[in-house]
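# Fold and geometry: a report
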Amino acid sequence: MNTENHLIIEQNAALGVITLDRVSSLNALTLDMINGIRTQIETWQNDAGIQAILIKSNSPKAFCAGGDIRYLYDCYQNGTDGHKGYFIAEYDMLNSIRASKKPVVVLLDGYVLGGGFGLAQACHIIVSSEKSRFAMPETAIGFFPDVAATHFLSRLDDIGVYLATTGDQISSSDALYLDLIDYHVPSQQFNALLDALSQSSNLSKDNIEQIISKFITRPVESELSASVENIRKHFGFQNLQDIEKSLENEKDQQHQAWASKVLSTLQQRSWVAKKTSLRLQYLGRGLSLQQCMQLERNLQDIWFEHGDILEGVRALIVDKDKQPKWQQQNATLDKILAELG
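Residues numbered from 1 in each chain as written. Predicted model: local features only at pLDDT ≥ 70, side-chain atom pairs only at ≥ 80, totals over all residues. Heavy atoms only, no water.

### Brief notes about the overall build of the protein chain
For the protein chain, the count of helices and strands is 16 helices and eleven strands. The globule rule puts the C-alpha radius of gyration for 341 residues at 20 Å, and the 20 Å found for the protein chain is close to it. The dimensions of the protein chain, computed from C-alpha atoms along their principal axes, are 60 × 50 × 35 Å. Look at the contacts in the protein chain between residues 6 or more apart in sequence, and 72% of them connect residues 24 or more apart. Of note, the protein chain has its 31 positive side-chain charges centred 2 Å away from the centre of its 41 negative side-chain charges. (Helix = DSSP H or I, 4+ residues; strand = E, 2+ residues; numbered from the N terminus. Rg over C-alpha atoms; globule rule 2.2 N^0.38 Å. Contact = heavy atoms within 4.5 Å. Lys, Arg positive; Asp, Glu negative; His and termini not counted. Charge placed at Lys NZ, Arg CZ, Asp CG, Glu CD.)

### Digging into the packing of aromatic side chains
Applying the stated criterion across every chain, the model contains twelve aromatic pairs. With a centroid separation of 5.5 Å and an interplanar angle of 35°, the aromatic rings of tyrosine 76 and phenylalanine 304 are classed as tilted. Of this pair, tyrosine 76 sits in helix α2 (residues 69-77) while phenylalanine 304 is found in helix α14 (residues 289-306), placing the two residues 228 residues apart along the sequence. Take tyrosine 76: its relative accessible area is 23%, and that puts it in the partly exposed class. For phenylalanine 304, a relative accessible area of 3% gives the class buried. (Phe/Tyr/Trp six-rings, centres within 6.5 Å; stacked < 30°, edge-to-face > 60°. Buried < 20%, exposed > 50% of the residue type's maximum accessible area, 1.4 Å probe, protein only.)

### Some thoughts on the pairing of strand β4 (residues 52-57)
When you tally the buried positions in β4, you get six out of six residues, the bulk of the element. Judged by which residues are buried, β4 turns out to be covered on both faces: Ala52, Leu54 and Lys56 on one side and Ile53, Ile55 and Ser57 on the other are all buried. Across six bridges, strand β3 (residues 15-20) lies against β4 in parallel orientation. Across the sheet, residue valine 17 finds its bridge partner in β4, namely leucine 54. Regarding topology, helix α1 (residues 31-45) serves as the crossover connection from β3 to the parallel β4, and that connection is right-handed. The pairing of β4 with strand β6 (residues 104-108) spans three bridges and is classified as parallel. Note on β6: the bridge partner recorded for isoleucine 53 is valine 104. (Pairing = 2+ DSSP bridges. Right-handed = clockwise from strand over helix to strand, strands pointing away.)

### Considerations on empty space enclosed by the protein
Applying the stated criterion across every chain yields a total of one cavity of 30 Å³ or more. In this structure, the largest cavity encloses a volume near 30 Å³. Forming the boundary of the largest cavity are Phe117, Phe134, Ala135, Met136, Leu153, Leu163, Asp168 and Ile170. For the lining of the largest cavity, the per-class residue count stands at seven nonpolar, no polar and one charged. (1 Å grid on protein atoms, 1.4 Å probe; cavity = no way out; pocket = protein on both sides within 12 Å on 5 of 7 lines; lining within 4 Å. Points joined across faces, edges and corners; volume = space filled by probe spheres on them. Nonpolar A, V, L, I, M, F, W, Y, C, P; charged D, E, K, R; others polar.)

### Comments concerning the sheet that holds strand β9 (residues 133-135)
Within a sheet, neighbouring strands are paired by backbone hydrogen bonds and run either parallel or antiparallel to one another. The strand order across the open sheet formed by four strands is β5-β7-β9-β10, and the pairing between neighbours is mixed. The strands lining the two open edges of the sheet, one partner per strand, are β5 (62-64) and β10 (170-171). Both strand β7 (residues 111-113) and β9 contribute to a ladder of three bridges, which runs parallel. Looking across to β9, one finds that tyrosine 111 is bridged to arginine 133.

### As for unusual backbone geometry
As a rule of thumb, non-glycine residues mostly have phi less than zero, and peptide bonds are mostly trans rather than cis. Here the phi dihedral of aspartate 157 falls at roughly 55°; this positive angle occurs in a residue that is not glycine. Relative to the assigned elements, aspartate 157 resides in the loop between α5 (149-152) and α6 (158-166).

### A few points about the pattern of salt bridges
Scanning all chains against the criterion turns up 14 salt bridges. Between glutamate 209 and lysine 205 there is a salt bridge whose closest N-O contact spans 3.3 Å. Of this pair, glutamate 209 and lysine 205 both sit in helix α9 (residues 205-213), separated by four residues, roughly a single helical turn. Across the salt bridge formed by lysine 275 and aspartate 334, the nearest N and O atoms sit 3.0 Å from each other. Here lysine 275, found in helix α13 (residues 271-284), pairs with aspartate 334, found in helix α16 (residues 331-339); they are 59 residues apart in sequence, far enough to count as distant. (Salt bridge = Lys/Arg side-chain N within 4 Å of Asp/Glu carboxyl O.)

Remember that the coordinates give geometry; whether it matters functionally is a separate question.
Right, dumping it as structure tokens:
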């Protein structure tokens, strides 16, 4: 076992295991963790003794709660370019996972948020327990869903728009219904599954999936599946005012409570972040994965100057007054968004 930079690196026979071990911060990804994951994935590509790679968490509460946003905030406030280096490293890590010649399995148990969601989506085989909660909550801190969400959420059309703009959490049942995970395995079976993978002498992708299939159970019914028509009705518009007006004018008494709750969430989010998120979701539908990631990278580098992330992090994490003063509009961002297509 090798423990460093909040990662535990182990080899269980032919299985290489990376365990996220920053439990006190719900495994929010530090720059060292990001670089460590990438380095380990790349090292194992040339190790004949490793047939497959598995990523999991040591936290009973979370797989990963996202990126280290306090670090990004501090870098920018201190006048360094550390935030730009962080995003470069994070996207290099995602590309390394996707490009791995050896299957990469991820076990999700608890919160899968933001950068953690992006990390999970980059893996080849995604297994979740009933305890997982998924979200891209970036608009709550004045940011936009990144780490390839422009690709993986936009594939869900109006549901992707809903998830990207509100940041609402969904269950593992919902994630399975939306095809955001591959398998549902009960949390109490995770150790047995890990043992079965560790004991196998053939860890090809097909064989890994056969092993996992022995542990899967049917999850409870997806709550989101009952709201799909509602989501499509309200989130099919291409501008925010129309979405919010539609939610406000919900006439069906059965759905008014839901619409009111979603509208309340949406109205608390940063205007420029919501607007950008909506724009990216529409653009993402016509772009490849790499084009989506490049689009996000271009926006990340200007967001600290023009977006609301500094105010969002200040209000929610630094001062904790939970009273962000969002911009009402930003002409520079409007111009940039218009130029995106």
